[in-house]
Structures are given as structure tokens and as C-alpha cells.
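One-letter residues, chain by chain:
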Amino acid sequence: LSGVYAAPVQDLIDELGRLPGIGPKSAQRIAFHLLKLPTPDAVRLARAITEAKARVAFCQTCFNVSEGDQCGICADPRRDATVLCVVEEPRDLVAVERTGEFRGRYHVLQGAISPMEGIGPDQLKVTELLRRIEPELTEVILCTNPNIEGEATALYLGRLLAPMGLRVTRIASGLPVGGDLEYADELTLGRALEGRREVTG
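Caption draft 1: Spatial organisation of the pairing of strand E6 (residues 167-170). Direction of pairing for strand E5 (residues 139-142) relative to E6: parallel, over a ladder of 4 bridges. Looking at E6, one finds that valine 140 is bridged to valine 168. After leaving E5, the chain enters helix H6 (residues 148-161) and then returns to the sheet as E6, a path that is right-handed.

Caption draft 2: Layout of the environment of arginine 131. Along the chain, the position of arginine 131 falls in helix H5 (residues 126-131). What makes arginine 131 exposed here is its relative accessible area of 61%. Remark: the alpha-carbon pair of arginine 131 and valine 56, spanning 75 residues in sequence, is separated by 24 Å.

Caption draft 3: How the structure looks around the nonpolar core. Within the largest apolar cluster, 16 residues are counted, with the highest numbers of intra-cluster contacts made by Cys71, Cys85, Val87, Leu93, Val96, Phe102 and Tyr106. The set of elements that each furnish at least two residues to this core consists of strand E3 (80-87), helix H4 (90-99) and strand E4 (104-108). The leading source of residues in this core is E3, at 3 residues. Not counting chain neighbours up to four residues away, the residues in contact with tyrosine 106 comprise Cys62, Ile73, Arg79, Leu84, Cys85, Leu93, Val96, Glu97 and Arg132. With 14 residues, the next largest nonpolar core counts Ile113, Leu124, Leu137 and Leu161 among its residues.

Conventions and cut-offs
Residues numbered from 1 in each chain as written. Predicted model: local features only at pLDDT ≥ 70, side-chain atom pairs only at ≥ 80, totals over all residues. Heavy atoms only, no water. Pairing = 2+ DSSP bridges. Helix = DSSP H or I, 4+ residues; strand = E, 2+ residues; numbered from the N terminus. Right-handed = clockwise from strand over helix to strand, strands pointing away. Buried < 20%, exposed > 50% of the residue type's maximum accessible area, 1.4 Å probe, protein only. Core = buried A, V, L, I, M, F, W, Y, C linked by side-chain atoms within 4.5 Å. Contact = heavy atoms within 4.5 Å.

Rendered as C-alpha cells:
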């Protein structure tokens, strides 16, 4: 479709199409939505992107998004320094925080091992994770996604961390609340069985 749209419109579509999860049709739809926006709204969006790029970086300790050298969680002395939760992306950290169940510290890998995409341990913040293993640390929770890449990453990290005398745990993954057993795949149901807990009456 090159040449059908005016050059600035095509440039906008091309740039939007480079975003993850945005195909050519979605890029066109978003581009035309933006063109219909009142100018102040479009300028506000552009400013928000520019500001975020200028002011937000990654925490030098855990690699979460941060406005300063340290994110709010790393700077909080009330967090439990004996437990470290390893996640793939900052959005995963947010998901764990939302549960209200975890009061320790985090380490964000900035991805997962994926040979298909050419991502190996060297492209992740693994060396930085190993540098954070201190005597006060007693447990590392591997909270990577329950997919092939997440499992490979957890397995790799487990092998690295186990000899260090730490308790290395993996989050249980199983059935969603409200789900039916008959619709569960074998892996999910197997995980639910592995992650079973004692019922106390």
C-alpha cells in the first residue's frame, strides 16, 4: 500500500506497525484514529511519550522502570531483603505487587530465554542477578511466565542458583478460578496437582 497515503501518514503507519502486537491493519486503524483526534489531544499523547523517554530509565539495582537511579521498591527500607522475586518484565512486577502477597524485593530480567528469537542468557539481566546474591538472601522465587520461554528461563536460573545454598522456588501455576477441569489442558492440570496445598479443617 506504499504510495497510497500521503508520506506523513505512511510514516505514522510504519512506526505504529513496529510496535509489538500491532499488525498492518491495527497500525492503519490507530493512525487514522490519531489523525481524527483534536490537535491538543494528539499533542498531549506525543508529549507523554517524549516525557516518558526523557525521564524514565531502569533502576540500577533491579531493572524495574524508574525516574531515578533506584525505583521506589528498591529504595523502600521496609521491604524484606531476604526474599527476591525474579520476573521477566516490569509489567510482571506490577502484577505481583497487585496481589498484595509479596513484600520482598524484585529482579527484572528484561525478557526470557528464547532461542527462536535469538535471546539467550547474555541478553538478559542474569549476571546482574548473580551479583545480588548476598548472605542475607535466603530465597529466590522464579516468577517467570508459565510458557516455553518462561520455563526454560526458570530451569536455567534454577541450575545457576541451586548450588549457592539458597532456597529456589517456582510459582505454582494451575487452574484459573471459575475454570472447569474438563477444559484444562494436561500441562495446566499437571501443574495444579504439583502446586497442591494441604487442606486444613
